[in-house]
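Letter by letter, the chains look like this.
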Amino acid sequence: MPELSRRRALTAAAALAAASGAATLAAPTARAAGHHPGSSPAPFDEVYKGRRIQGRARSGGGHHDHGGGYAVFVDGVELHVMRNADGSWISVVSHYDPVTTPRAAARAAVDELQGAALLPLPAN
């Protein structure tokens, strides 16, 4: 049996740590959302910081269908949202800050807009 070298031991330890760390980081996001990655979130309709935010199951297709059949609106204008593979959500406004629900994505967009109007994405 070959001797275990220091390099092999460190490589194996690093690989094991990376694998367990990735599983630990990905799992809480899906669990925190309270949904299985394939399920549709509950609808919402509220006023957040003076802006009306809404979310509901999408009726019909459309070119903004990355949200798995879910539509989000800020003051009646559609906010493009997308569900990631780990169950988290991002929007066109806060693309690099994933959140656990579409409601949280709408709230993050309102925070980021700081009172500015959300402009609709042009249809292709």
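Just so you know, these numbers come straight off a predicted model, no measurement behind them.

So, how was this worked out
Residues numbered from 1 in each chain as written. Predicted model: local features only at pLDDT ≥ 70, side-chain atom pairs only at ≥ 80, totals over all residues. Heavy atoms only, no water. Helix = DSSP H or I, 4+ residues; strand = E, 2+ residues; numbered from the N terminus. Buried < 20%, exposed > 50% of the residue type's maximum accessible area, 1.4 Å probe, protein only. Contact = heavy atoms within 4.5 Å. Areas by Shrake-Rupley, 256 points an atom, 1.4 Å probe, with all protein chains shown as cover. Salt bridge = Lys/Arg side-chain N within 4 Å of Asp/Glu carboxyl O.

Take the overall build of the protein chain next. Within the protein chain one finds two helices and six strands. Listed N to C, the secondary structure of the protein chain is α-β-β-β-β-β-β-α in terms of helices and strands. Split into buried and exposed, the 124 residues of the protein chain put 30% on the buried side. Put simply, 43% of the contacts in the protein chain that link residues at least 6 apart link residues at least 24 apart. As presented, the protein chain carries roughly 7900 Å² of accessible surface, and 59% of it is formed by carbon and sulfur atoms.

This next bit is on the pattern of salt bridges. Counting across every chain of the model gives six salt bridges. Note that D45 and R52 form a salt bridge whose closest N and O atoms lie 2.6 Å from each other. The class of D45 is partly exposed, set by a relative accessible area of 47%. For R52, a relative accessible area of 41% puts it in the partly exposed group. Ionic pairing is found between E46 and R107, a salt bridge with its closest N-O pair at 2.9 Å. With E46 in strand β1 (residues 44-48) and R107 in helix α2 (residues 102-113), this residue pair connects regions lying 61 residues apart in the sequence. Under the relative-accessibility criterion, E46 is labelled buried at 15%.

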